[in-house]
Amino acid sequence: MASLRCRRDPCGVVCVFLTYFSVFYADYVVVQYVLIPAYSGSVWCSLHGSAFNVILLLLLACYCKAVFSDPGVVPLPDTALDFSDLRSQSSRMSDRVTVKRRRRVCVSCALMCARVVQGCEGWTVCSRCETYRPPRAHHCRVCQRCIRRMDHHCPWINNCVGELNQKYFIQFLFYTGVASVYATLLVVSAWVWHIRTERDGEAENAPGKHLIVAHYIILLVESVLFGVFTLVIFYDQLASIIADETPIEQMRNRLMMKEPGSPSSSPPHHATRKPKLALLREVFGRGSVFCWLLPLHSGGPSVGGVAYSALPDYDV
């Protein structure tokens, strides 16, 4: 599944390559141009080197899990379902309406089919996959499949962020932010050390001085850009989990509020507000809080389960 997505999305392949290159480049600069020159012969060289590489190993482990894990793809039925009435009705009405009204027709058709699925509350019909999908599942135009509790499609992991890999994605963001802050502090400290040695006249004609400065500047820019970017997304992900509302659901609810005559009530899954800790455990698992920092499989969500049929339980 992941290999198919990698071949279909060239932008995602480039982003994955840039991510790996940035991580290995940061490790090379920190060890070769920061720790060895500034902390050689000191125990701090080994301590900082070990700590930084452990963070990078956890970062890469979480990143690989986010890239290659199943985000929660809704399985297709073994036998094709007949949606000819839905397609014919949509095609007939689309010939007579404008582009703006055509979107309303598609929405009304989806709502009409959703009413048919009365045996399982919240199940809807995806006209693109031509299958039934469970509550809070949405269709991804890049992956061309429906994803359970889809948050968004992230080109940096060349995968969707969904119910089954959101934990690894958040862990990747966390360790990227920690590594960026750590690398920034190490570069600044090494730069201060170089300035002091030059002031004391110990390294006036040090070879490769301009190369070291160039590596420092590049790593600082990389650390600041990736650090700020990932920490902002990290906060947004946690806020989305605590609010129990994905960005897609937030956008949909805002459009429903603006739509005249639309009900102002919240979605069905918000009828009973869950505690914040329970919402976090649904994503990170029900084990110890310390296990939330490790890219370990925490099992499926407690509500609805991971294994389910492609068809809802009702009589046709």
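Keep in mind it's a predicted model, so treat the numbers as computed, not measured.

A.B. asks: It is not clear to me how the pairing of strand β4 (residues 145-148) should be interpreted in this structure. Could you clarify?
C.D. replies: Two faces, one strand: in a regular strand the side chains alternate between the faces of the sheet. Here β4 shows two buried faces, one formed by Arg145 and Ile147 and the other by Cys146 and Arg148. Two strands pair when backbone bridges link them, and strand β3 (residues 137-140) and β4 are joined in this way by 4 bridges, in the antiparallel orientation. Residue pairing in the sheet places Cys140 in a bridge with Arg145 of β4. In this antiparallel pair of consecutive strands, β3 and β4, the connection spans 4 residues, and Gln144 shows a positive phi of 60 degrees.

A.B. asks: Help me out: how do you make sense of the pattern of salt bridges in this one?
C.D. replies: Under the criterion given, the structure shown has 4 salt bridges. Taking the shortest distance from any N to any O, the salt bridge between Glu282 and Lys274 comes out at 2.8 Å. Residue class for Glu282 comes out buried when judged on its relative accessible area of 16%. Look at Lys274 and you get partly exposed, because its relative accessible area is 28%. One network of salt bridges, with partners in common, ties together Arg136, Asp244 and Glu249.

A.B. asks: Sorry if this is basic, but what is going on with a nonpolar patch on the surface here?
C.D. replies: Together, Val14, Phe17, Leu18 and Phe21 make up a nonpolar patch on the protein surface, roughly 410 Å² of accessible area in all. Here Phe21 shows up in helix α2 (residues 10-39).

A.B. asks: Can you walk me through the packing of helix α6 (residues 166-199) against helix α7 (residues 209-243) in this structure?
C.D. replies: To describe two helices that pack against each other, one gives the angle between their axes and the distance between the axes. At a minimum axis distance of 7 Å, the contact between α6 and α7 shows a crossing angle of 150 degrees. By the angle class used here, α6 and α7 are roughly antiparallel. α7 is crossed by α6, and the crossing has left-handed handedness. A per-class count over the contact of α6 with α7 returns 21 nonpolar, 10 polar and 2 charged.

A.B. asks: Looking at this structure, I do not really get empty space enclosed by the protein. What am I missing?
C.D. replies: One pass over the structure, following the stated rule, counts 1 cavity of 30 Å³ or more. Roughly 120 Å³ of internal volume is contained in the largest cavity. Looking at the largest cavity, the residues that line it are Arg136, Arg149, Asp151, Gln166, Ser240, Ile241, Asp244, Glu245, Thr246, Leu279, Glu282 and Val283. At the level of secondary structure, the elements contributing two or more residues to the lining of the largest cavity comprise α7 and α9 (276-284). The biggest single contributor to the lining of the largest cavity is α9, with 3 residues. Residues of the lining of the largest cavity, tallied by class, amount to 3 nonpolar, 3 polar and 6 charged.

A.B. asks: Would you take a moment to explain the state of the cysteines for this structure?
C.D. replies: Simply put, disulfide is the name for a covalent bond between the sulfur atoms of two cysteines. Counted according to the given criterion, the structure contains 0 disulfides. Cys15 supplies the cysteine sulfur nearest to Cys11, a cysteine that is in no disulfide, at a spacing of 4.2 Å. The structure places no disulfide on Cys154, whose sulfur is separated from the nearest cysteine sulfur, that of Cys15, by 7.7 Å.

A.B. asks: Can you help me understand α7 in this one?
C.D. replies: Given 3.6 residues to a turn, an α-helix orients residues that are three or four positions apart in the same direction. Across its 35 residues, α7 extends 51 Å between first and last C-alpha, which sits within 8% of the 51 Å expected from 1.5 Å per residue. Taken residue by residue, α7 has Ile212, His215, Tyr216, Leu219, Leu220, Glu222, Ser223, Gly227, Thr230, Gln237, Ser240 and Ile241 as its buried positions. Looking one or two residues past α7, Asp244 carries a phi angle of roughly 55 degrees, positive in sign.

A.B. asks: Just checking my understanding: could you explain α9 for this structure?
C.D. replies: Considered for burial, the residues of α9 that qualify are Leu279, Leu280, Glu282, Val283 and Phe284. Of the residues one or two after α9, Gly285 is the one with positive phi, at around 105 degrees.

A.B. asks: How should the packing of aromatic side chains be read in this particular structure?
C.D. replies: By convention here, two paired aromatic rings are described through the distance between centres and the angle between planes. Going through the model one piece at a time under the given rule, you end up with 11 aromatic pairs. An angle of 85 degrees between the planes, with centres 5.3 Å apart, marks the rings of Tyr20 and Tyr63 as edge-to-face. In this pair, Tyr20 is assigned in helix α2 and Tyr63 in helix α3 (residues 43-68), connecting sequence segments 43 residues apart. Taking the centre distance of 6.0 Å and the plane angle of 75 degrees together, the rings of Trp156 and Phe226 count as edge-to-face. One end of the pair, Trp156, is in the loop between β5 (152-154) and β6 (159-161); the other, Phe226, is in helix α7, with 70 residues separating them in the sequence. Residue classification places Trp156 among the partly exposed positions, given a relative accessible area of 27%. Accessibility expressed as a relative area gives 27% for Phe226, which makes it partly exposed. A connected cluster of aromatic rings, assembled from ring pairs, spans Phe17, Phe21 and Tyr25.

A.B. asks: Just to check I follow, could you spell out the packing of α2 against α3 for this structure?
C.D. replies: It is the contact of α2 with α3, at a shortest axis distance of 10 Å, that shows an interaxial angle of 175 degrees. As the angle between them shows, α2 and α3 are arranged roughly antiparallel. Grouping the amino acids of the contact of α2 with α3 by side-chain chemistry returns 20 nonpolar, 4 polar and 1 charged.

The rules behind the values
- Residues numbered from 1 in each chain as written.
- Predicted model: local features only at pLDDT ≥ 70, side-chain atom pairs only at ≥ 80, totals over all residues.
- Heavy atoms only, no water.
- Buried < 20%, exposed > 50% of the residue type's maximum accessible area, 1.4 Å probe, protein only.
- Helix = DSSP H or I, 4+ residues; strand = E, 2+ residues; numbered from the N terminus.
- Pairing = 2+ DSSP bridges.
- Salt bridge = Lys/Arg side-chain N within 4 Å of Asp/Glu carboxyl O.
- Patch = residues over 30% accessible without salt bridge, like charges linked within 9 Å, V, L, I, M, F, W, Y side chains within 5 Å.
- Areas by Shrake-Rupley, 256 points an atom, 1.4 Å probe, with all protein chains shown as cover.
- Axes fitted to C-alpha atoms, helices over the stretch in contact; angles between N-to-C directions.
- Parallel < 35°, antiparallel > 145°, perpendicular 65-115°, else oblique.
- Left-handed = near helix turned anticlockwise from the far one by under 90°.
- Nonpolar A, V, L, I, M, F, W, Y, C, P; charged D, E, K, R; others polar.
- 1 Å grid on protein atoms, 1.4 Å probe; cavity = no way out; pocket = protein on both sides within 12 Å on 5 of 7 lines; lining within 4 Å.
- Points joined across faces, edges and corners; volume = space filled by probe spheres on them.
- Disulfide = S-S within 2.5 Å.
- Expected span 1.5 Å × (residues − 1).
- Phe/Tyr/Trp six-rings, centres within 6.5 Å; stacked < 30°, edge-to-face > 60°.

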